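As a plain string of letters, each chain reads:
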Amino acid sequence: MSIPFAFWLVPIASVVALSMAWFFFKSMLQADEGTPRMREIAGHVRRGAMAYLKQQYKVVTIVFIVLAIVFAFMAYVLKVQNPWVPFAFLTGGFFSGLAGFFGMKTATYASARTANAARLSLDGGLKIAFRSGAVMGLTVVGLGLLDIAIWFLVLSQFYHGDKMALITITTTMLTFGMGASTQALFARVGGGIYTKAADVGADIVGKVEADIPEDDPRNPATIADNVGDNVGDVAGMGADLYESYCGSILSTAALGATAFAMVPDMQLRAVIAPMLIAAVGVFLSIFGIYLVRTKEGATMKDLLHSLSLGTNISAVLIAAATFGILYFLGIENWLGLSFSVISGLAAGVIIGQATEYYTSHSYKPTQKISEAGLTGSATVIIKGIGTGMMSTCIPVITIGVAIMLSYLCANGFDMEMSASALSHGLYGIGIAAVGMLSTLGITLATDAYGPIADNAGGNAEMSELGEEVRHRTDALDALGNTTAATGKGFAIGSAALTALALLASYIEEVKIAMERAGATLTNLKGDIIAAADASIPDFMNYFQVNLMNPRVLVGAFIGAMAAFLFCGLTMEAVGRAAQKMVEEVRRQFREIKGILEGTGTPDYGSCVEISTRAAQHEMILPSLLAIAIPIIVGCILGVAGVLGLLVGGLAAGFTLAVFMANAGGAWDNAKKMVEEGHFGGKGSFAHKATIVGDTVGDPFKDTSGPSLNILIKLMSMVSIVMAGLTAALS
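Residues numbered from 1 in each chain as written. Predicted model: local features only at pLDDT ≥ 70, side-chain atom pairs only at ≥ 80, totals over all residues. Heavy atoms only, no water.

Trainee: Just checking my understanding: could you explain the overall build of the protein for this structure?
Mentor: A count of helices and strands for the protein gives 22 helices and two strands. Counting only C-alpha atoms and orienting by the principal axes, one finds that the protein spans roughly 85 × 50 × 40 Å. Across the protein, contacts joining residues at least 24 apart in sequence account for 83% of those joining residues at least 6 apart. Summed over its atoms, the accessible surface of the protein is roughly 24,200 Å², and 66% of this surface lies on carbon and sulfur atoms. The protein carries 45 positive and 54 negative side-chain charges, and their two centres are separated by 3 Å. (Helix = DSSP H or I, 4+ residues; strand = E, 2+ residues; numbered from the N terminus. Contact = heavy atoms within 4.5 Å. Areas by Shrake-Rupley, 256 points an atom, 1.4 Å probe, with all protein chains shown as cover. Lys, Arg positive; Asp, Glu negative; His and termini not counted. Charge placed at Lys NZ, Arg CZ, Asp CG, Glu CD.)

The structure is reproduced here in structure tokens:
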């Protein structure tokens with residue numbers, strides 16, 4: 001198997017992405033960090049964030065070493081695992097953690113510089129915040145493509161001449177997704193618990209009880225809150241989308257290896273096609289980043305338009321480029337596959353727009369939540385939950401349409417469900433996920449921008465920069481709430497498509513495990529055949545994967561339950577941690593003389609310590625459950641039960657994640673709308689009611705909701721890695 005010349009665009013794109021990330025990082029560092037007070041506050045946040053991340057990585061390293069030993073035992077002693085899996089698992093986790101680390105390091109340096117730039121103009125603040133966010137986006141895609149390129153080149157050398165080389169290479173590479181997913185879940189859950197414990201504690205005692213502004217330096221939990229924005233929304237999101245990005249590319253490559261297994265030349269092209277689409281997406285994302293700018297006095301709609309211009313133009317250009325890439329590769333049905341990619345891109349845009357509609361205070365749903373504040377916090381919460389539930393409609397229908405369109409476009413609208421039509425259709429769904437994530441360089445920039453703008457606002461408040469500067473940073477912050485909600489919707493939508501592609505990849509992994517064991521099975525015609533010769537319908541028939549099989553139904557129920565159990569555990573974790581934070585802030589207000597008068601200095605360090613300790617302790621159980629559930633179900637219910645588990649988890653997890661992210665985002669912006677002077681403004685009855693709603697929404701949107709899309713994919717990845725053991729027991 002010779003590597004095609006076109007493949008080298010992948011490592012080149014990786015180097016370009018990382019180089020541009022470095023360029024934006026250095027450019028940001030050259031900007032002035034502001035007054036001595038601004039530098040001091042930024043330094044506190046930076047040290048707190050790095051201390052937390054160092055502690056988190058210690059815990060995660062122990063988990064990774066234990067799991068790598070288990071995989072090594074399965075590979076070298078039990079012989080039910082590919083021997084490369086322990087190494088692939090470790091590299092996936094390492095690169096995922098590295099992406100989060102670089103993004104967070106940039107964000108902690110950028111916030112004070114954004115606030116300082118906002119002293120001069122809104123556009124200056126927007127550019128620094130957005131291009132610093134772009135460091136995260138470009139680092140994620142750069143490291144992702146680098147990891148993929150290195151593994152593909154290394155494994156191609158080891159499996160050279162093997163008749164099933166590409167199927168083995170792609171399914172082996174897929175397992176490093178479990179490492180990325182595991183690291184991402186720890187980062188998301190730990191970071192989410194950290195940030196929301198501080199945020200909820202700061203809001204309840206500071207804004208509601210003591211009636212002081214958000215980010216007021218008199219509040220002891222303020223620094224912990226700002227640290228939390230970075231460890232949760234930057235490091236956590238980076239690790240999360242790194243895993244989605246790599247998972248979509250690798251699952252599609254694995255499906256391409258299977259769909260075109262009978263045509264070796266076409267098979268290789270189908271494997272590298274998703275890699276090339278992602279590589280071209282890097283260059284177009286960089287182009288889109290340079291389009292983002294605004295004018296002084298811009299409204300929220302103007303700011304949203306500025307960001308939408310960059311992301312939408314990048315999406316349109318990648319759609320056009322896809323036709324050229326697939327035509328150039330000469331892939332069978334290249335035109336249909338191009339439309340599959342467009343269906344994924346369109347789904348991403350529609351989900352983003354729907355999220356914006358339900359969470360931005362420029363539109364009625366959030367405005368109505370603000371208005372509900374006039375009658376109290378209970379009506380704010382009721383209205384927010386109802387809005388979040390209704391907001392699931394458009395994303396679910398959009399993903400459903402995208403799945404059907406991408407499936408049918410890829411197989412020539414063949415509804416027969418034959419082995420060939422199924423394989424080609426599933427490849428189309430996978431490549432639609434790649435299309436949705438192909439411009440991740442810029443879409444993740446809009447997401448990472450949010451916490452940078454939020455921290456800039458906090459820095460401006462604590463540094464007492466004046467009303468005009470605070471007004472600009474508030475505008476950037478409100479925009480960040482909407483872009484963060486949009487980014488979460490985007491991440492959840494891509495998770496749904498990727499998880500569906502991983503379902504098919506799971507069957508391929510079972511197939512390889514059975515072939516490794518020399519197993520045979522009875523096909524649909526009743527003939528006994530080798531596992532290598534069986535199609536997906538043959539496997540579904542052999543393992544009785546149908547709705548009348550109680551194993552499938554029980555698995556589906558457990559999958560749906562897992563999503564709710566996971567949310568319950570993470571919500572309660574935030575509640576327990578926030579309770580400790582509230583008690584600590586009340587203690588300081590009571591015992592440290594002169595805090596509320598501004599003459600005493602709060603003990604910020606104790607609040608940072610409470611959040612750090614709580615996050616480290618509370619993140620372990622939910623994360624380990626996500627790994628344990630697929631293994632237990634596989635051992636008890638077999639392959640059919642695992643497939644039911646993954647479908648149930650996907651359906652419930654996707655819907656629940658959209659609901660929680662949108663409800664939380666809407667509550668947050670409803671509070672922002674009141675703070676801008678509507679319905680009584682700051683300090684009014686409506687303001688206090690919307691603060692309660694925002695406090696309830698904090699763990700919805702920043703802990704439980706965003707962690708669910710990792711849960712969906714991690715259960716799929718664990719199932720794929722453990723497929724050998726499950727098949728042996730079945």
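Picking up after the structure, the text goes on.
Trainee: Got a minute to help me understand the packing of helix α2 (residues 36-76) against helix α6 (residues 176-209) in this structure?
Mentor: Axis angle and axis distance: for two packed helices, these are the angle between their axes and the distance between the axes, and together they describe the pair. Between α2 and α6, the least distance of the axes is 11 Å, while the angle of their chain directions is 150°. Handedness of the α2/α6 crossing: right-handed. Taken together, the residues of α6 that come into contact with α2 (itself represented by Tyr52, Gln56, Tyr57, Val60, Val63, Phe64, Leu67 and Phe71) are Met178, Gly179, Thr182, Gln183, Phe186, Ala187, Gly190, Gly191 and Tyr194. Residues belonging to the contact of α2 with α6 are distributed by class as follows: eleven nonpolar, six polar and no charged. (Axes fitted to C-alpha atoms, helices over the stretch in contact; angles between N-to-C directions. Left-handed = near helix turned anticlockwise from the far one by under 90°. Nonpolar A, V, L, I, M, F, W, Y, C, P; charged D, E, K, R; others polar.)

Trainee: How should I be thinking about the packing of aromatic side chains in this particular structure?
Mentor: Here the distance between the centres and the angle between the planes together describe a pair of aromatic rings. Counting across every chain of the model gives 22 aromatic pairs. The interplanar angle of 35° and the centroid separation of 5.9 Å between the aromatic rings of tryptophan 22 and phenylalanine 25 together place this pair among those described as tilted. Separated by three residues within a single helix, tryptophan 22 and phenylalanine 25 lie in helix α1 (residues 9-30), roughly one turn from each other. Ring centres 6.4 Å apart and planes at 85° place the aromatic pair phenylalanine 25 and tyrosine 109 in the edge-to-face group. Taken together, the positions of phenylalanine 25 in helix α1 and tyrosine 109 in helix α3 (residues 85-118) put the pair 84 residues apart, joining distant regions of the chain. With a relative accessible area of 23%, tyrosine 109 lands in the partly exposed category. In this structure an aromatic cluster arises from ring pairing among Phe7, Trp8 and Phe152. (Phe/Tyr/Trp six-rings, centres within 6.5 Å; stacked < 30°, edge-to-face > 60°. Buried < 20%, exposed > 50% of the residue type's maximum accessible area, 1.4 Å probe, protein only.)

Trainee: Before we go on, may I ask you to explain the packing of helix α19 (residues 604-618) against helix α20 (residues 620-675) in this structure?
Mentor: Between α19 and α20, the shortest axis-to-axis distance is 5 Å and the interhelical angle comes to 25°. For the element pair α19 / α20, the angle class is roughly parallel. Here α19 contributes Gln616, His617 and Glu618 to the contact with α20, which in turn contributes Ile620, Leu621 and Pro622. Residues of the contact of α19 with α20, tallied by class, amount to three nonpolar, two polar and one charged. (Parallel < 35°, antiparallel > 145°, perpendicular 65-115°, else oblique.)

Trainee: Just checking my understanding: could you explain the pattern of salt bridges for this structure?
Mentor: Under the defined criterion, the tally for this structure stands at 24 salt bridges. Here glutamate 468 and arginine 472 are joined by a salt bridge, their closest N and O atoms 3.5 Å apart. In this pair, glutamate 468 and arginine 472 both sit in helix α16 (residues 467-516), four residues apart, roughly one turn of the helix. With relative accessibility at 10%, the residue arginine 472 sits in the buried group. A single network of salt bridges, built from pairs that share partners, joins Lys196, Asp199, Asp668, Lys671, Lys672, Asp694, Asp698, Lys701 and Asp702. (Salt bridge = Lys/Arg side-chain N within 4 Å of Asp/Glu carboxyl O.)

Trainee: Please explain a nonpolar patch on the surface as it appears in this structure.
Mentor: Together, Phe73, Tyr76, Val77, Leu78 and Phe87 make up a nonpolar patch on the protein surface, roughly 490 Å² of accessible area in all. Locating phenylalanine 87 in the fold gives a position in helix α3. Take phenylalanine 87: its relative accessible area is 45%, and that puts it in the partly exposed class. (Patch = residues over 30% accessible without salt bridge, like charges linked within 9 Å, V, L, I, M, F, W, Y side chains within 5 Å.)

Trainee: What am I meant to see in the nonpolar core here?
Mentor: Across soluble globular proteins, nonpolar side chains have a tendency to be buried as a group. Ranked by size, the top nonpolar core spans 237 residues in total, and within it Phe152 and Tyr427 carry the most contacts. With 23 residues, the top contributor of residues to this core is α20. Counting residues in hydrophobic clusters, the runner-up holds seven residues, among them Ala118, Ala456, Ala460 and Leu465. (Core = buried A, V, L, I, M, F, W, Y, C linked by side-chain atoms within 4.5 Å.)

Trainee: What is the right way to look at helix α12 (residues 377-390) in this model?
Mentor: With 14 residues, α12 should cover 20 Å at 1.5 Å per step; its first-to-last C-alpha distance of 20 Å lies within 8% of that length. Inspection of α12 places Val380, Gly384, Thr387 and Gly388 among the buried residues, and these make up the whole buried set. Taken around the axis of α12, the buried residues stretch over an arc of 100°, which confines them to a single face. Seen from the open side of α12, the exposed residues pointing more than 90 degrees away from its buried face are Ala378, Ile382, Met389 and Met390. The secondary structure elements touched by the buried residues of α12 are α10 (334-359), α11 (364-372), α20 and α21 (685-721). (Expected span 1.5 Å × (residues − 1). Arc of directions from axis to C-beta.)

Trainee: Mind showing me how you'd approach the side chain of lysine 701 here?
Mentor: With respect to the helices, strands and loops of the structure, lysine 701 is situated in helix α21. Engagement of the side chain of lysine 701 in a polar contact is seen with the side chain of aspartate 702, the distance being 2.7 Å. (Polar contact = N/O pair within 3.5 Å; in protein donor to acceptor, adjacent residues only side chain to side chain.)

Trainee: What's the story with the environment of alanine 6 in this structure? I'm lost.
Mentor: Residue placement: alanine 6 occurs in the segment before α1. Overall, the relative accessible area of 17% leaves alanine 6 in the buried class. Distance from alanine 6 to leucine 276, taken between C-alpha atoms, is 7.8 Å for residues 270 residues apart in sequence. With near-sequence residues (within four places) excluded, alanine 6 lies in contact with Leu276 and Phe328.

Trainee: Looking at this structure, I do not really get the environment of leucine 444. What am I missing?
Mentor: If you trace the backbone, leucine 444 turns up in helix α15 (residues 440-462). Each C-alpha atom, one on leucine 444 and one on aspartate 162, is 39 Å from the other, the two residues being 282 residues apart in sequence. Non-local contacts of leucine 444, meaning those with residues more than four positions away in its chain, are made with Gly133, Met136, Gly137, Val140, Met237 and Leu241.

Trainee: Even after reading the chapter, I still don't get the side chain of arginine 113, so can you show me in this structure?
Mentor: With respect to the secondary-structure elements, arginine 113 resides in helix α3. Note on arginine 113: relative accessible area 8%, which makes it buried. Among the polar contacts listed, one links the side chain of arginine 113 to the backbone oxygen of methionine 28, at a separation of 3.2 Å. For arginine 113, the side chain forms a polar contact with the main-chain oxygen of tyrosine 109, separated by 2.8 Å. Leave out the neighbours within four places in its chain, and arginine 113 touches Met28, Leu29, Ala31, Asp32, Glu33 and Ile128.

Trainee: What should I look at first to understand unusual backbone geometry in this one?
Mentor: Glycine aside, residues mostly have negative phi angles, and peptide bonds mostly take the trans form. Positive phi, close to 55°, is recorded for asparagine 333, a residue that is not glycine. Among the secondary structure elements, asparagine 333 is positioned in the loop between α9 (300-329) and α10. By relative accessible area, which is 33% here, asparagine 333 ends up partly exposed. The phi torsion at phenylalanine 413 lies on the positive side, around 55°, for a residue other than glycine. Mapped onto the elements of the fold, phenylalanine 413 is located in the loop between α13 (393-410) and α14 (419-437). The class for phenylalanine 413 is exposed, based on a relative accessible area of 53%.

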